[in-house]
Amino acid sequence: MTNNNIYFVANWKMHGNLTSLNSINNVIKLAKSKKFRKIKIVYCPPYTLLEAFVKKTKNSYISVGAQNCHHEIEYGAYTGFINSKMIKNIGSKFVIIGHSESRQDGDTDSKINLKIKSALKSNLKIIFCIGESLKDRRKNKTNSILAKQIKKGLQNIKKLDNLIIAYEPLWSIGTGIIPKRNDLEKNLNFIRKNLNRIKNGNKISILYGGSVNTNNISNLARIPQINGFIVGGSSLKSKKFIDIIKKSII
Ligand code: PGA
């Protein structure tokens, strides 16, 4: 990867507590060093740690994001939920929307569309996740699924400056399996082609996520269509996450 738009999103999922905070000290240090200054590191811890992460990373080169938000932008009677305004209000800059684990928990394309609209109104940067299941892939439906997720997720959205796409094949998440380079490039090109149909869609960064680790990062980083990564399991330990960032510089 040689461009300046290299994202490393640490998706902590349902992991971490207050004692985990100090574990990111070395990542903060790395982000400050001149060599890595252009890299955009985004920590997405669970809601319970968002504010602590914002405080911890203040005046550093690291941003913080939430892992989801409710689709309703106004405050209201939604027990157990958090909206984009609240996320913005505590100093988070990003939000992940449409992660397959949230889709499995009830997020439909149309709900995701509402969430993206709400997050845009709140001035958050959105990491919009798309990806096909193994079943879709076996039935040769990858393209139609990706096209549908993009079309429905971005329906009636004109302002795309704050949008980042993350391609995460479901069968790669947490499995240790990543797509073959040919397949990955084919799918990334297909996503890019779909985005190019939208006004200014060519400016949207595309990330890859799914079992990114210290062994496969050097090869993944050589794929020019990728503008960064979402790292789940391998971002929980700073040492591994740092290794991944370092190995991606080629
Ligand atoms: P993984 O998760 O790196 O543990 O596969 C990535 C993700 O779900 O965003």
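No experiment lies behind these values; they were computed from the predicted model shown.

Engineer: Can you break down the sheet that holds strand β2 (residues 40-44) residue by residue, with the values?
Structural biologist: Overall, parallel pairing links the eight strands, which are arranged β1-β2-β3-β4-β5-β6-β7-β8 in a closed barrel. The sheet shows a mean angle of 25° between the axes of neighbouring strands, taken without regard to direction. In the sheet, strand β3 (residues 62-66) pairs with strand β4 (residues 94-97) via two bridges, with the strands oriented parallel. Across the sheet, A66 pairs through a bridge with V95, a residue of β4. On the sheet, helix α2 (residues 47-56) packs against β2 and β3 and is oriented at approximately 160° with respect to β3. In this fold helix α7 (residues 142-153) packs onto β5 (125-130) and β6 (163-167), with an angle of close to 150° to the strand it touches most, β5.

Engineer: Provide a residue-level description of empty space enclosed by the protein, including the pertinent values.
Structural biologist: Tallying each qualifying case throughout the model produces one cavity of 30 Å³ or more. The space that makes up the largest cavity amounts to roughly 40 Å³. Lining of the largest cavity is provided by G98, S100, R103, C129, I130, G131, E168, L170 and I173. Counting only elements with at least two residues in the lining of the largest cavity, the list comes to α4 (100-103) and β5.

Engineer: Please give an account of unusual backbone geometry that cites residues and values.
Structural biologist: Positive phi is not limited to glycine here, since K13 has a value of about 50°. By the secondary structure assignment, K13 is in the loop between β1 (7-11) and α1 (25-32).

What counts and what doesn't
Residues numbered from 1 in each chain as written. Predicted model: local features only at pLDDT ≥ 70, side-chain atom pairs only at ≥ 80, totals over all residues. Heavy atoms only, no water. Pairing = 2+ DSSP bridges. Helix = DSSP H or I, 4+ residues; strand = E, 2+ residues; numbered from the N terminus. Axes fitted to C-alpha atoms, helices over the stretch in contact; angles between N-to-C directions. Contact = heavy atoms within 4.5 Å. 1 Å grid on protein atoms, 1.4 Å probe; cavity = no way out; pocket = protein on both sides within 12 Å on 5 of 7 lines; lining within 4 Å. Points joined across faces, edges and corners; volume = space filled by probe spheres on them.

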